[in-house]
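Notes for the structure review
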Protein chains: 2
Amino acid sequence: MQRLQDLAAIGATPEGGVCRLALTDADRDARAQLMAWMREAGLTVQVDAIGNLFGTRAGTASADGADAAPVMTGSHIDSVATGGRYDGSYGVIAGLEVLRWMDAHGIRTRRPITLAAFTNEEGVRWQPDMMGSLVHAGDLPLQQALDARDRDGLRLGDELRRIGADGALPVGTIRPSAYVELHIEQGPRLEAEGVTIGAVQDLQGIAWREVTIEGQSNHAGTTPLDLRRDAGLAAARLTVWLHALAERTGGGMVATVGQLALHPGLVNVVPGRATLTVDLRHTDAAVLDSALAELDAWLQALAAGHGLRIGCRALADSPPVRFDARLVELIEDRARARGLSVCRMTSGAGHDAQMIARIAPAAMIFVPSAAGLSHNPREHTAPADLAHGARVLADVLRTLADEG
Amino acid sequence: MQRLQDLAAIGATPEGGVCRLALTDADRDARAQLMAWMREAGLTVQVDAIGNLFGTRAGTASADGADAAPVMTGSHIDSVATGGRYDGSYGVIAGLEVLRWMDAHGIRTRRPITLAAFTNEEGVRWQPDMMGSLVHAGDLPLQQALDARDRDGLRLGDELRRIGADGALPVGTIRPSAYVELHIEQGPRLEAEGVTIGAVQDLQGIAWREVTIEGQSNHAGTTPLDLRRDAGLAAARLTVWLHALAERTGGGMVATVGQLALHPGLVNVVPGRATLTVDLRHTDAAVLDSALAELDAWLQALAAGHGLRIGCRALADSPPVRFDARLVELIEDRARARGLSVCRMTSGAGHDAQMIARIAPAAMIFVPSAAGLSHNPREHTAPADLAHGARVLADVLRTLADEG
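Residues numbered from 1 in each chain as written. Chains lettered and ligands numbered in written order. Predicted model: local features only at pLDDT ≥ 70, side-chain atom pairs only at ≥ 80, totals over all residues. Heavy atoms only, no water.

1. A short note on the overall build of chain A
The criterion, for reference: Elements are defined by DSSP. Helices are runs of H or I of four residues or more, strands are runs of E of two residues or more, and each kind is numbered from the N terminus. Just to be clear, the radius of gyration here is over C-alpha atoms, and the globule rule we use is 2.2 Å times residues to the power 0.38. The classification of residues rests on relative accessible area computed with a 1.4 Å probe and restricted to protein chains. Under 20% of the type maximum is buried, over 50% is exposed, and intermediate values are partly exposed. Note on contacts: a residue pair is in contact if any heavy atoms of the two residues lie within 4.5 Å. Reported accessibility uses the Shrake-Rupley method at a 1.4 Å probe radius. Residues are deemed covered only where the shown protein chains occlude them. Residues scored as charged are limited to Lys and Arg (positive) and Asp and Glu (negative), so that His and the chain ends carry no count. The atom standing in for a charge is NZ when the residue is Lys, CZ when it is Arg, CG when it is Asp and CD when it is Glu.
For chain A, the helix and strand inventory stands at 12 helices and 16 strands. The C-alpha atoms of chain A give 23 Å as radius of gyration, which agrees with the globular expectation for 404 residues (22 Å, within 12%). Principal-axis analysis of the C-alpha atoms gives chain A an extent of 80 × 45 × 40 Å. The buried share among the 404 residues of chain A stands at 58%. Put simply, of all contacts in chain A between residues at least 6 apart along the chain, 78% involve residues at least 24 apart. Total accessible area on chain A is roughly 15000 Å²; 49% of this is exposed by carbon and sulfur atoms. Computed over 38 positive and 49 negative side-chain charges, the separation of the two mean positions in chain A equals 1 Å.

Right, here's the structure in full:
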């Protein structure tokens, strides 16, 4: 708890939250603090070329043995602009405490255990998000990541060098035997159901679309309803329809219109143009694809029926991820062995684990988020729940690290 | 046509439109041009303390007789930022041509005829709109108008003095015996029905509301549909409902949501707050009031049903205006006498005539707007229609100015 507090002080906001955007001075200071703690805990610290931080506790197996790949845990320490204290940081600090606890109790493991803090998970300044883990998994070329530019035109690689986070380790060097990430849920389900531990078995697929509706800007007083081509009204119909689509589809589908701009945006002018975003998520790729096809057909009918021109552009497509079944069972088992309530669940948010899942068996452990709030200064998890999560992580890591 | 072209050159935009916001340098130049033309036409030019411009052609009756109040015509020469060439300017230039035509044909009238160009009709920089005519009618104190500030904090009175438009004439001095305003329709009806002249019998009442919806900002991936308090979805439901209300009410009711802002406005965050404007219009005050009451009740139900806090603030309330029945008949009669098609109609837009109607019998003459476009660089009326409107205005003014 003290370390979480100390880390939250770096980039603290007046509202009690954290603003620690990737590769800012605050991120630099947080990295320095984390590396100091890692070294104090006797870990071997390595930084790779995209700034991913690794701290490794040695195992008892021969270091060059083919079956001595480390078990990895971790998360990220960057935040969004209106972030809380636990998103990302919790998984990193809890991992550190697990390794310190093993030392304190003289516990040795066959495999090494590596604690990772991945660069730019939030993707606020540079897209895509989960960038460090994506590069680590080999699915985003290092050079492309380094060349990404933020809104001010700043190159990621230059900022990385500026804060001294450009390490010597080639990206993707540390290939784990398994990866387990501990994280706050960032949703309301565990709290609502009174369950302490979530064994995360999959991640929703995410489709982002930008819909542009062009009608005709007209005088709000002199244009009869039947002669209007109201882009704002069409955007409203789309928003209502999309919600109904998600409800009708079920199976945890969620749909959100988070951004909407009307032009010219005057009280007495019928909007001639509306631009809005659609965020659509489901765990089943086929269901998601079918919903997107329905959206396209519905937009075409809307355009034809109301004299509008409608464009729909993909902003992002992230397929659903299924975590490793044996790891999910192991998490459930270890939670029950501690007498904790546990349920299988789906993550609605993206996490580094989904990238590492491409190169190793992976799964996640969730603990409750008060009121489901995250990316919010009021983000909170009860200290007892934070401790429960860390204990389950310890038990899972110990089991995995002793496997042959 | 030449004068309309010359006036449109002052504040001309690359798109072929006009940007001549009230009391800018462009407005100053247009005023100077208009006053020069007035003087060339032998009119007595006066400017009042709010910058309203008057050019009077003398009548034959004794100047101090109680029944020798002038007949007034006119409009405004300020524009919106994306204005066209005819809104306002047409009524002023046509009035000038009518007086020049009377001179050319040696026509004398018993009453004087005053051509007016009212200050700040558009209300872009300073609210309320139709400000000059409202001050002239005595319903907005001069000092309050002068103290109005624009977005940059500039005081109207200071800008008025800066461009030398602060005249010596006390406001409200010229009290007309009747007021007739010639204007483009700014709507599609005349063109759609193939009618040349609109005899405007009334103006819709206008209610502007700002609705603020507060829900809960949440993660778009992790928050199940049934646990959301989505302010953006509520705003969309309101927009769709409002359109249905206007359709159901009928009688020319129009409803528009022209402005809408979502917070925080991110693709993957459920909007926690939505602010939108409602523009609701109808010619019958009782129908308008009843629709507003329905809106309030519906908003309360929406708030209660979805866990939202909803506020509704009046931005403007302008009651319906009924023009003088005899003047409307006179316009119809003179149009028919010229062999022109004519219909009675309602104005959906606000005009200086509605303010002057408070102190004198008033009515308006409309000519067709191509595609109903106005406040748009593509605003257009066929030259033949412009001429038809001016001829009807001439005949109406002549009749009114010869009355006892």
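That covers the picture; the talk isn't over yet.
2. A closer look at the packing of aromatic side chains
Definition in use: Planes of paired rings set the category: under 30 degrees apart is stacked, over 60 is edge-to-face and the rest tilted, where pairs are Phe, Tyr or Trp rings (Trp by its six-membered ring) whose centres lie within 6.5 Å.
Per the stated rule, a full pass over the model turns up 6 aromatic pairs over all chains. Judged by centre distance (4.7 Å) and plane angle (15 degrees), the rings of A:W241 and A:W298 are stacked. In this pair, A:W241 sits in helix 8 (residues 231–249) while A:W298 sits in helix 9 (residues 285–306), placing the two residues 57 residues apart along the sequence. The exposure class of A:W298 is partly exposed, given its relative accessible area of 22%. Taken together, a centroid distance of 6.2 Å and an interplanar angle of 85 degrees make the contact between B:F54 and B:F118 edge-to-face. Placement of B:F54 in strand 2 (residues 53–57) and of B:F118 in the loop between strand 4 (113–117) and helix 4 (131–136) is noted, with a sequence separation of 64 residues between them. A network of ring pairs unites the aromatic residues A:F54, A:F118 and A:Y179 as a single cluster.

3. Notes on the domain arrangement of chain A
All names here are of chain A. Basically, it comes down to this: Domain start and stop points were drawn from an automatic or database domain assignment. The term buried area refers to how much accessible surface (probe radius 1.4 Å) is lost by two components on association, counted for both of them together. Note on definitions: salt bridges are taken to be side-chain nitrogens of Lys or Arg within 4 Å of carboxyl oxygens of Asp or Glu. Gly falls in the polar group here, along with every residue not listed as nonpolar (Ala, Val, Leu, Ile, Met, Phe, Trp, Tyr, Cys, Pro) or charged (Asp, Glu, Lys, Arg).
With domains assigned, chain A is organised as domain 1 (2–202 + 322–402) and domain 2 (205–318). Of note, the centres of domain 1 and domain 2, computed from C-alpha atoms alone, are 36 Å apart. Facing the 5 residues of domain 1 at the interface are 4 residues of domain 2. Counting the surface lost from both domain 1 and domain 2, the interface buries some 260 Å², and carbon and sulfur atoms represent 44% of this. Between the two partners, domain 1 and domain 2, sit 0 salt bridges. Of the residues assigned to the side of domain 1 that touches domain 2, the class counts are 1 nonpolar, 3 polar and 1 charged.

4. As for the pattern of salt bridges
All names here are of chain A. Summed over the entire model, instances satisfying the criterion amount to 52 salt bridges over all chains. We note a salt bridge from R125 to D150, for which the minimum N-O separation is 3.1 Å. Residue R125 is found in the loop between strand 4 (113–117) and helix 4 (131–136), and its partner D150 is found in the loop between helix 5 (142–146) and helix 6 (156–162); the two are separated by 25 residues along the sequence. With relative accessibility at 11%, the residue D150 sits in the buried group. Among the ionic pairs, E159 bridges to R162, the shortest N-O distance being 3.1 Å. With E159 and R162 both in helix 6 and 3 residues apart, this pair spans about one turn of that helix. Of the residues examined, E159 reaches a relative accessible area of 8% and is grouped as buried. Through salt bridges that share partners, D25, R28, D29, R125, D150, E159 and R162 make up one connected network.

5. Looking at the interface of chain B and chain A
The condition that has to hold: Counted as a polar contact is a pair of N or O atoms within 3.5 Å, where, for protein atoms, one must be capable of donating a hydrogen and the other of accepting one, and residues adjacent in sequence contribute only when both atoms are in side chains.
The interface of chain B with chain A comprises 52 residues on the first partner and 51 residues on the second. Carbon and sulfur atoms supply 64% of the area that chain B and chain A bury against each other, a total of about 4200 Å² over both sides. When the area that chain B buries against chain A is broken down by residue, the three leading residues are B:T222, B:L225 and B:V267, summing to 16%. The tally of links from chain B across to chain A stands at 0 salt bridges. Our count for the contact surface shared by chain B and chain A stands at 8 residue pairs in polar contact (both at pLDDT 80 or more). Those elements that place two or more of their residues in the side of chain B that touches chain A are strand 8 (218–219), helix 8 (231–249), strand 9 (254–256), strand 10 (260–263), strand 11 (269–270) and strand 12 (273–282) of chain B.

6. A few points about the relation of the copies chain B and chain A
Convention followed: Least squares is the method for superposing the copies, and the C-alpha atoms it fits come from residues with pLDDT of at least 70 in both.
Once turned by 180 degrees and shifted 0.2 Å along the axis, chain B lies on chain A with an RMSD of 0.2 Å. Such values leave the two copies arranged in the relation of a two-fold axis. For chain B, the residue whose C-alpha comes nearest the rotation axis is B:A236, separated from it by 2.1 Å. In this assembly the copies share their binding face: 98% of the residues contributing to the interface of chain B also contribute to that of chain A.

7. Some remarks on the side chain of A:E332
All names here are of chain A. Relative to the assigned elements, E332 resides in helix 10 (residues 325–337). Here R344 takes part through its side chain, which lies 2.9 Å from a polar atom of the side chain of E332. Residues within four places of E332 in sequence aside, it is in contact with A199, V342 and R344.

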